[in-house]
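Examination of the molecular architecture
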Amino acid sequence: MAAEQPTEGVRRRRLLAASAGAGTAAALAAGPAAALGRRPEPVPGALPPQTVTPADGRYTDLVRGWNQRWVAAPRAVHLVHTPGQAVAAVQEAVRSGQRLSVRSGGHCYEDFVHHSEARLIVDLSGMNRVGYDPGHRAFAVEAGARLLDVYETLYLNWGVTVPGGICFSVGAGGHVAGGGWGMLCRRDGLVVDHLYGVEVVVVDAAGTARLVTATREPGDPRRELWWAHTGGGGGNFGLVTRYLFRSPGADPAGGPGTLLPAPPREVLLSASTWSWSELDHADFTALVGNYARWHVAHRAPGSAYDALCSYLVLGHRSSGAVALTAQVDATVPDAGALLESFLAEIGAGVRARPTAAGLPVAEPAVPAGFTPARRLPWLNATRLLGTTNALVNDPSQCSDFKSAYFKGPFTAQQVEALYRALAHDDRGNATTAVTLSSFGGQVNAVAPDATASVHRNSAFKALWGIFWTDPAREADCLAWIRGAYGDVFAATGGVPVPGVATDGCYVNYPDADLGDPRWNTSAVPWHRLYYGDNYPRLQRVKQAWDPGDVFRHRQSVRLPGR
């Protein structure tokens, strides 16, 4: 069986359960072990499944996720800890005709998990083991594992990593299925570029739930199911129990430490902040234009700048600042010169002088005290960027987000729209920002149809975000983000239509407005913005593996003809 290392959260739960006489070692999970990808049962140390109903004090916490805007009211939440328990929970939902929803980390921006029609939520947070599976000769990451736990376990035990996201508490389940972007993307590609296989609970036409494993092996009859999980988005095809990672071309004979990228031993981390009190219209135009043009010029793979990744947080004027964070692999030749050249190009023509102040309300975080750049061990830098964001780690926030991929630089009209929304629109607040982040490099070394992640010719992406805690502010906040986003893409019907300059939206930043004709007047459907020409293929996978449409939400992949 897989030699899995429990995360710290698992170890704590086992200790607590043992002290309470819970008998954790006695838990069994059903399911055959002989077939490819089906793990032997029982899973040592696994807790028994638990069902939480509205009478249980834990219910209130389990029916909501990271975005407090969305709260469900299911009849029950099933806490599962093994694949067999997950199969049983899905089978119960199908047998009883209850609408099913699946939660791993709870970070979905929209109500795709915690929605009003959910009658049974399967919570995978207890399935968070990370380790090496000698049977598949790949690393196994369960769907409930949080990203920082994944990075720490892989690196500290084997010296490797996957190029996943920044936020420490995001669960692997939805993050990987949506493609997975992070600070190593220009160097190592997307997280799905290293996905070897996926273990998933599916439901056939007869309503029978079963556990299968699909891999990228050319002769695997389930290969299309693997492909669908390389950017097809969470909640579409089945319930993922774990992912298997091994980089293409890696030779298993070399041992586990050769199967995934080794992260940089050290990185140079820089953070620069421009105060809005000094930043005028011309400075803003230069800064935003420089960032976009640099990434367009360096979007192709194979340059020395593959070692560099960054994000520019355009904070609302009320936040006080605009800030740039950049990270470069310190082990590449002339790493310091690469970073200095990048910073000089981004700052060219900007008369306001940057400082080393942080921007704690930004998303992602902008640390203070990193001008000039500091040399840090890679894991320390990863922990810093992932955990120091006070805004993202506030469990009381409601929020809304929108996204876009850019192939070309901003037009003058788009820069003006950004400036109006951030410098003059008082409907924003100190949490409001538009974050531009690096894309390209090795991401663009992969063909658009090789994975379901279709955006393989983009230079950078953008994230509009706003947070609030007072329900009375929701209407104003939504008005700001809808207006700010729609103005930037006014020439293309309010959305970034795939074309010469823009390339749709990131499915891991889901936006229900893309399917609403009030906000998307382009006649380009939401699924083309997320999936481009890959959508019909995703529909065929849906038909083959979820013909009863058991796994669905209001923006899920539709069965053909729907």
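What comes next concerns the included structure.

The rules behind the values
- Residues numbered from 1 in each chain as written.
- Predicted model: local features only at pLDDT ≥ 70, side-chain atom pairs only at ≥ 80, totals over all residues.
- Heavy atoms only, no water.
- Pairing = 2+ DSSP bridges.
- Helix = DSSP H or I, 4+ residues; strand = E, 2+ residues; numbered from the N terminus.
- Axes fitted to C-alpha atoms, helices over the stretch in contact; angles between N-to-C directions.
- Contact = heavy atoms within 4.5 Å.
- Core = buried A, V, L, I, M, F, W, Y, C linked by side-chain atoms within 4.5 Å.
- Buried < 20%, exposed > 50% of the residue type's maximum accessible area, 1.4 Å probe, protein only.
- Salt bridge = Lys/Arg side-chain N within 4 Å of Asp/Glu carboxyl O.

**What to know about the sheet that holds strand β13 (residues 321-329)**
As summarised here, the arrangement of the 7 strands in space is β14-β11-β13-β12-β16-β17-β15, forming an open sheet in which the pairing is antiparallel. With one partner strand each, in any of the chains shown, β14 (374-377) and β15 (398-406) form the two edges of the open sheet. On average, adjacent strands in this sheet sit at an angle of 20° to one another, irrespective of strand direction. In this sheet, β13 lies alongside strand β11 (residues 266-275) in antiparallel orientation, the contact comprising 9 bridges. In the strand pairing of β13, Leu 269 is matched with Gln 327. Packed on one face of the sheet, helix α8 (residues 281-297) meets β11, β12 (308-315), β13, β16 (433-438) and β17 (460-468) and runs near 150° to β12.

**Remarks on the nonpolar core**
Ranked by size, the top nonpolar core spans 157 residues in total, and within it Phe 245, Phe 284, Phe 342, Leu 436 and Trp 464 carry the most contacts. Apart from residues lying up to four places away in sequence, Phe 342 is in contact with Tyr 291, Trp 294, His 295, Tyr 305, Leu 308, Ser 310, Leu 324 and Ala 326. In terms of nonpolar packing, the next biggest core, distinct from the first, is built from 9 residues, Val 52, Val 63, Ala 72 and Ile 121 among them.

**Digging into the pattern of salt bridges**
Across all of its chains, the model carries 28 salt bridges by this definition. For Arg 69, the salt bridge goes to Glu 474, with nearest N and O atoms at 3.8 Å. Of this pair, Arg 69 sits in the loop between α2 (59-62) and β3 (76-79) while Glu 474 is found in helix α12 (residues 474-488), placing the two residues 405 residues apart along the sequence. Taking relative accessible area as the criterion, Glu 474 reaches 27% and is therefore assigned partly exposed. Here Arg 242 and Asp 133 are joined by a salt bridge, their closest N and O atoms 2.9 Å apart. With Arg 242 in strand β10 (residues 239-245) and Asp 133 in strand β6 (residues 130-133), this residue pair connects regions lying 109 residues apart in the sequence. Across this residue pair, the class does not change: Arg 242 and Asp 133 are buried.

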